[in-house]
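The residues making up each chain are set out below.
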Amino acid sequence: MDVIIRKEDVKDYPVVFDVIQKAFENEEMSDHQEHFLVDKLRNADSFVPELSLVAEVDGEIIGYVLLTEIDILDEVTQLMNKSLALAPVAVLPDYQNQGIGSALIRASHDKARELGYKSVIVLGHADYYPKFGYKQADSFGISMPFEVPSENSMALELCNNGLSGVNGMVIYPTAFFE
Ligand SMILES: CC(C)(COP(=O)(O)OP(=O)(O)OC[C@H]1O[C@@H](n2cnc3c(N)ncnc32)[C@H](O)[C@@H]1OP(=O)(O)O)[C@@H](O)C(=O)NCCC(=O)NCCS
C-alpha cells in the first residue's frame, strides 16, 4: 500500500472532518467532538498550516494529524516557551494498525523540527506514544492546566535538550476549550 503524507489543503477540510469523526466513532476515551475541535483550531492564531497533514491512499484521504502551537509557562520567571500540542491524530478504522498513524506522527515531527520547534506535548494513550520518544511530561517538570493521569500526559524533545530549561504549565489556545 502506497501512503502519501502531505500538507492539508483548504479543499480537504470536509473530507478531513469525516475522517476524524469516523476514526473516533468507537473510541471509548473520546468526547466525539474532535472533528469540531479541528475546525476551531484552524481558525486560531496558533494554527500552523504546515503542521496540518493528511495521509492519502489511492488519492483518498484516510488519515490526519495536527500539531498546534502552545506555550509552556514558567511559573517562577513567568516566561513563556513555545511548544506544540499533538491533537488529534486519526486514521479511518479500515486502515488502522497498518503503520499510517505512526507515519503521520513521524512526518509531523519532521516538519516541526524543520520549522524550528523543539518539543511536542500530547495527551493520549500511555502505550502508543513512547515508541516515538514521548516521556511523561512530569519528568520534564511540565504540568497540565487540568486534572489528567500523569501517564497520559507526555512530552517529546524534537532535538537534543529540546526541553532543557523549559518547565511549567502548558497553556492551550482557548479554541481547545470553546
Ligand atoms: C491511534 C491511531 C491514530 C493509530 O493509528 P494506526 O495507523 O492505527 O497506528 P499504527 O498502525 O501506526 O500503530 C499500530 C500500533 O498502535 C497500537 N494502537 C493503536 N491504537 C491504539 C490505542 N488507542 N491505544 C494504544 N495503542 C494503540 C496498536 O496496538 C499497534 O501496536 P503494535 O505496533 O505494537 O502492534 C488510530 O488507531 C486511530 O485513529 N484511533 C482512533 C482515534 C484516536 O484514538 N486517536 C488518538 C488520540 S488523539
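(A) Local environment of the nonpolar core. With 57 residues, the main nonpolar core has Leu86, Ile121, Tyr129 and Tyr134 as its most contacted residues. Elements with a contribution of two residues or more to this core: helix H1 (13–24), helix H2 (34–42), strand S2 (52–57), strand S3 (60–73), strand S4 (80–91), helix H3 (100–114), strand S5 (119–123) and strand S8 (153–157). Broken down by element, the residue count for this core peaks at eight residues, all from S3. With residues near it in sequence (within four places) discarded, Leu86 still touches Val65, Leu66, Leu67, Ile105, His109, Val120, Ile121, Val122, Tyr129 and Tyr134.

(B) Highlighting the layout of surface pockets. The volume enclosed by the largest pocket comes to roughly 1,400 Å³. Considering the residues around the largest pocket, the lining is formed by 46 residues, among which Phe24, Glu34, Leu123, His125 and Tyr129 are closest to the centre. When residues of the lining of the largest pocket are traced back to their parent elements, those giving at least two are H1, H2, S4, H3 and S5. With seven residues, the top contributor of residues to the lining of the largest pocket is S4. Looking at the lining of the largest pocket residue by residue, the class counts come to 26 nonpolar, 12 polar and eight charged.

(C) Quick peek at H2. Turning to H2, its buried residues are Glu34, His35, Leu37, Val38, Leu41 and Arg42. Down the axis of H2, the buried set is contained in an arc of 155°. They therefore lie on one face. Of the surrounding elements, those touching the buried residues of H2 are H1, S3 and S4.

(D) Molecular detail of the pairing of strand S9 (residues 168–171). Across three bridges, the pairing between S3 and S9 is antiparallel. Each bridged residue has a counterpart across the sheet, and for Ile72 the counterpart in S9 is Val170. Pairing geometry for strand S7 (residues 142–143) and S9, over two bridges, is parallel. For Ile142, the partnering residue across the bridge sits in S9 and is Gly168.

(E) Broad picture of the site of the ligand. Of all residues adjacent to the ligand, which total 18 residues, the nearest are Val91, Asn97, Gly99, Gly101 and Ser102. In this structure, Gln96 approaches the ligand through a side-chain N or O atom, which is 3.4 Å from an oxygen atom. A distance of 2.7 Å is found between an oxygen atom of the ligand and a backbone nitrogen or oxygen belonging to Gly101. Here the ligand has 870 Å² of accessible area as a free molecule, and 70% of this is covered by the chains. Taking a 2 Å distance to the grid points as the criterion, the majority of the atoms of the ligand fall inside the largest pocket. Where the shell around the ligand is concerned, the elements lending two or more residues are H1, S4 and H3. Partitioning the shell around the ligand into residue classes produces eight nonpolar, seven polar and three charged.

(F) How the structure looks around the pairing of S2. The buried count for S2 comes to six of six residues, which makes it a mostly enclosed element. In S2, alternate side chains face the same way, and those of Ser52, Val54 and Glu56 on one face and Leu53, Ala55 and Val57 on the other are all buried. In terms of strand pairing, strand S1 (residues 3–7) meets S2 through five bridges, oriented antiparallel. Each bridged residue has a counterpart across the sheet, and for Val3 the counterpart in S2 is Val57.

(G) Seen up close, the packing of aromatic side chains. Counted by the stated rule, this structure contains nine aromatic pairs. Look at Phe17 and Phe36: their rings are 5.5 Å apart centre to centre, the planes differ by 75°, and that puts the pair in the edge-to-face class. Of this pair, Phe17 sits in helix H1 while Phe36 sits in helix H2, and the two are 19 residues apart along the sequence. On the basis of relative accessibility, which here comes to 21%, the residue Phe17 falls in the partly exposed class. In this structure Phe36 comes out as partly exposed when scored by relative accessible area, which is 37%. Note on Tyr129 and Tyr134: the rings are 5.7 Å apart at their centroids and 75° apart in plane angle, and the pair reads as edge-to-face. Judged by relative accessible area, which is 3%, Tyr134 ranks as buried. Members of the aromatic cluster, joined through ring pairs, are Tyr128, Tyr129, Phe132 and Tyr134. Between Arg42 and the ring centre of Tyr13, over which it is positioned, the NZ or CZ distance is 3.7 Å.

What counts and what doesn't
Residues numbered from 1 in each chain as written. Predicted model: local features only at pLDDT ≥ 70, side-chain atom pairs only at ≥ 80, totals over all residues. Heavy atoms only, no water. Core = buried A, V, L, I, M, F, W, Y, C linked by side-chain atoms within 4.5 Å. Buried < 20%, exposed > 50% of the residue type's maximum accessible area, 1.4 Å probe, protein only. Helix = DSSP H or I, 4+ residues; strand = E, 2+ residues; numbered from the N terminus. Contact = heavy atoms within 4.5 Å. 1 Å grid on protein atoms, 1.4 Å probe; cavity = no way out; pocket = protein on both sides within 12 Å on 5 of 7 lines; lining within 4 Å. Points joined across faces, edges and corners; volume = space filled by probe spheres on them. Nonpolar A, V, L, I, M, F, W, Y, C, P; charged D, E, K, R; others polar. Arc of directions from axis to C-beta. Pairing = 2+ DSSP bridges. Near = heavy atom within 4 Å. Polar contact = N/O pair within 3.5 Å; in protein donor to acceptor, adjacent residues only side chain to side chain. Areas by Shrake-Rupley, 256 points an atom, 1.4 Å probe, with all protein chains shown as cover. Sits in = over half its atoms within 2 Å of the grid points. Phe/Tyr/Trp six-rings, centres within 6.5 Å; stacked < 30°, edge-to-face > 60°. Lys NZ or Arg CZ within 6 Å of the ring centre and 35° of its normal.

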